[in-house]
Amino acid sequence: MNSPLARVEAALAALPATTGLGLFSHVADAEARSAAAESARRWAKGEARSPLEGLSVVLKGNIAVRGWPWQGGLRARQGMVATEDASVVTRLRAAGVVLLAQTTQDEGALGAEGIALEGLIRNPLNPTRSTGGSSGGSAGALAAGLCDLALGTDTIGSVRIPASLCGVAALKPSYGRVSTRGVLPVHPRFDHVGPMARDIAGVRALLAAVAGHDPSSAWSVDYGETSMPSPPPTSLAGRRIGYAIGIDDLAPEAAVIDGYNAAISTLREAGAELVQVDLRPLDLRRTRRAVFALCEHEMWRAHREAMAARPEGYSGRIRALLEYGASLDDAKLRALDERVTGFQFAWEARVAGLDACLSPTTPGVAFPHEGTPPDSLADLTVIG
């Protein structure tokens with residue numbers, strides 16, 4: 001591995017050429033250089049803190065980093081600065097990583113179009129197309145080779161969608177495995193902090209660093225001691241793996257189906273027993289809309305006073321979403337909650353006895369910024 005300082009200098013030198021992609025809302029160049037120098041000294045002494053020592057990490061703009069802007073993509077929070085680190089940032093510092101920059105995101109993390117207040121978040125693989133969102137800046141920074149690792153947040157698909165569209169890897173961890181303390185919420189019931197990397201080995205390593213019980217957070221679950229997950233088996237003989245069928249109503253693109261079929265074939269060749277899981281009775285679209293509506297209501301509750309005091313701090317798009325959330329009465333909220341809970345039980349019944357279940361991440365590939373974003377972006381990521 002190149003020295004931490006050399007890696008940071010190379011990343012900072014590459015940033016000006018990528019400004020037009022709109023991936024960063026804050027670059028901590030001086031802080032990153034200082035952290036890299038300290039990391040290099042630890043390496044020289046044989047005192048590396050973790051396998052991530054000296055690697056550069058970028059973080060989504062809704063994750064608090066002491067002394068950094070903490071806007072979360074909202075104009076109403078412009079000028080706000082975090083006074084303490086989020087729980088995951090504390091863990092990252094303890095692992096010896098270099099915090100490089102803050103990434104752009106969809107406004108308030110309520111959306112997957114890859115459109116930030118700063119402008120379009122462009123896909124490095126094809127700048128005419130979107131990264132998706134809402135963690136689009138994090139996925140784009142990885143795809144552009146500007147960092148080693150990244151953190152995003154996922155409520156209905158916001159690390160998985162941009163990772164898929166940018167050709168990188170991401171994970172939505174089990175609920176409560178990674179603390180959300182110090183992360184601007186969309187809905188505490190559905191929010192997760194998700195590790196992102198260019199490959200699954202990087203995701204595994206980053207998850208090991210940031211996961212763990214946070215006793216100061218009501219939303220953290222104690223899963224016991226956290227360590228690096230075991231490497232995946234080389235053979236899948238004896239494993240029962242489901243694969244989703246019944247997604248035709250989502251109009252999947254040919255490239256997605258081709259890649260999906262190739263993945264199924266790879267699993268079968270590795271010895272897995274493949275089991276069909278029919279998604280049609282689950283009505284993914286209605287479930288996704290129910291989750292989104294609950295998020296709209298929860299964000300309206302959190303932002304109603306600020307929105308009334310500073311209406312100019314919210315775009316017309318997000319204002320309309322929150323106003324819809326405000327319109328939901330108790331009966332509608334109960335019905336939405338019942339819809340989501342019923343889906344969770346139905347899904348668990350369908351995959352009972354399986355070791356894993358495979359599905360595409362999105363029905364389509366990265367979409368052009370020109371035109372209307374597809375409505376079905378999160379219809380598959382509502383699973384999990």
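The structure this text deals with has already been given above.
Residues numbered from 1 in each chain as written. Predicted model: local features only at pLDDT ≥ 70, side-chain atom pairs only at ≥ 80, totals over all residues. Heavy atoms only, no water.

### Here we look at the side chain of N123
The cut-off we apply is this: Strands are runs of DSSP state E lasting at least 2 residues, helices are runs of H or I lasting at least 4, and numbering of each runs from the N terminus. Each residue is placed in one exposure class: buried if its accessible area under a 1.4 Å probe, protein chains only, is under 20% of its type's maximum, exposed if it is over 50%, and partly exposed if it falls in between. The contact definition used throughout considers only heavy atoms, calling two residues in contact when any of these lie within 4.5 Å.
Within the element layout of this structure, N123 appears in strand β6 (residues 122-123). N123 sits in the buried class, given a relative accessible area of 1%. In contact with N123, other than residues within four places in its own chain, are L21, R129, S130, T131, L165, C166 and A366.

### Side note on the packing of helix α8 (residues 284-309) against helix α10 (residues 330-351)
Note the cut-off: Lines fitted to the C-alpha atoms define the axes, with helices restricted to the stretch that makes contact. Angles between their N-to-C directions range from 0 to 180 degrees. Angular relationships are summarised with four words: roughly parallel below 35 degrees, roughly antiparallel beyond 145, roughly perpendicular across 65 to 115, and oblique for the angles in between. Crossing handedness: left-handed means the near helix sits turned counterclockwise from the far one by under a right angle, and right-handed means the same turn made clockwise. Side-chain classes are defined by residue name, with Ala, Val, Leu, Ile, Met, Phe, Trp, Tyr, Cys and Pro counting as nonpolar, Asp, Glu, Lys and Arg as charged, and the others, Gly among them, as polar.
Running from amino to carboxyl end, α8 crosses α10 at an angle of 130 degrees, the nearest separation of the two axes being 9 Å. Overall, the two elements α8 and α10 adopt an arrangement that is oblique. In the packing of α8 onto α10, the handedness of the crossing is left-handed. Across the interface between the two elements, L284, R286, T287, A290, V291, A293, L294 and H297 from α8 touch L333, L336, D337, R339, V340 and F343 from α10. When its residues are assigned to classes, the contact of α8 with α10 shows nine nonpolar, two polar and three charged.

### Looking at the packing of aromatic side chains
Here is the rule: The aromatic pairing rule takes the rings of Phe, Tyr and Trp, using the six-membered ring of Trp, and pairs them if the centres are within 6.5 Å, calling planes under 30 degrees apart stacked, those over 60 edge-to-face and the rest tilted. A ring has a charge above it when a Lys NZ or an Arg CZ is no more than 6 Å from the ring centre and no more than 35 degrees off the ring normal.
One pass over the structure, following the stated rule, counts zero aromatic pairs. The aromatic ring of W300 is capped on one face by R304, whose charged end is 4.9 Å from the ring centroid.

### Describing the pairing of strand β2 (residues 56-60)
Note the cut-off: Strands pair, by our definition, only if DSSP identifies at least two bridges between them. Handedness of a crossover is defined as follows: orient the strands so they point away from the viewer, and if the path from the first strand over the helix to the second runs clockwise, the crossover is right-handed.
The buried fraction of β2 is high, at five of five residues. Pairing of β2 with strand β3 (residues 98-103) involves five bridges; the strand directions are parallel. Counterpart to S56 in the pairing with β3 is V98. On the question of chirality, the crossover connecting β2 to the parallel β3 by way of helix α3 (residues 87-95) is right-handed. Sheet topology places β2 next to strand β8 (residues 149-154); three bridges connect them, and they run parallel. Residue pairing in the sheet places V58 in a bridge with A150 of β8.

### Thoughts on the environment of E348
Following the sequence through the fold, E348 ends up in helix α10. Given the relative accessible area of 49%, E348 is considered partly exposed. Distance from E348 to G384, taken between C-alpha atoms, is 9.8 Å for residues 36 residues apart in sequence.

### Some thoughts on the packing of α8 against helix α9 (residues 316-326)
Between α8 and α9, the shortest axis-to-axis distance is 7 Å and the interhelical angle comes to 105 degrees. As summarised for this structure, α8 and α9 are arranged roughly perpendicular, according to the angle between their axes. Only R319, L321, L322, Y324, G325 and A326 of α9 make contact with α8, whose side of the interface consists of F292, A293, E296, H297, M299, W300, H303 and M307. Residues that form the contact of α8 with α9 fall into these classes: nine nonpolar, three polar and two charged.

### Focus: the sheet that holds strand β11 (residues 240-245)
Spatial ordering of the open sheet is given by β12-β11-β13, a layout of three strands whose pairing is parallel. Among the strands making up the open sheet, the edge pair consists of β12 (273-278) and β13 (356-358). The sheet shows a mean angle of 35 degrees between the axes of neighbouring strands, taken without regard to direction. Two strands pair when backbone bridges link them, and β11 and β13 are joined in this way by three bridges, in the parallel orientation. Across the sheet, G242 pairs through a bridge with C357, a residue of β13.

### A closer look at the sheet that holds strand β10 (residues 192-197)
Within the open sheet, the six strands sit side by side as β1-β3-β2-β8-β10-β9. Their pairing is mixed. Edge positions in the sheet fall to β1 (24-27) and β9 (169-170), since each of these pairs with one other strand and no more. Sheet strands in contact with helix α2 (residues 29-45) are β1 and β3, and its direction is about 155 degrees off that of β3.

### What about the nonpolar core?
Convention followed: Among buried residues, the Ala, Val, Leu, Ile, Met, Phe, Trp, Tyr and Cys ones that are joined through side-chain atoms within 4.5 Å form a nonpolar core.
Of all hydrophobic cores here, the largest spans 53 residues; its most connected members are L110, L279, L284, V291, L322, F343 and W347. For this core, the secondary structure elements donating two or more residues are α5 (160-166), β11, α7 (254-269), β12, α8, α9 and α10. Excluding its chain neighbours within four sequence positions, the residues that come into contact with L284 are L279, F343, D379, L380, V382 and I383. Formed by 33 residues, the second largest nonpolar core is a distinct cluster that contains A64, V89, V193 and L207.

### Some remarks on helix α4 (residues 136-143)
Because an α-helix packs 3.6 residues into every turn, residues spaced three or four apart end up facing the same way. Burial of α4 is extensive: seven of the eight residues sit out of reach of the surface. Contacts from the buried residues of α4 go to β1, β2, β3, β8, α5 and β10. Backbone geometry just after α4 places G145 at a positive phi near 75 degrees.

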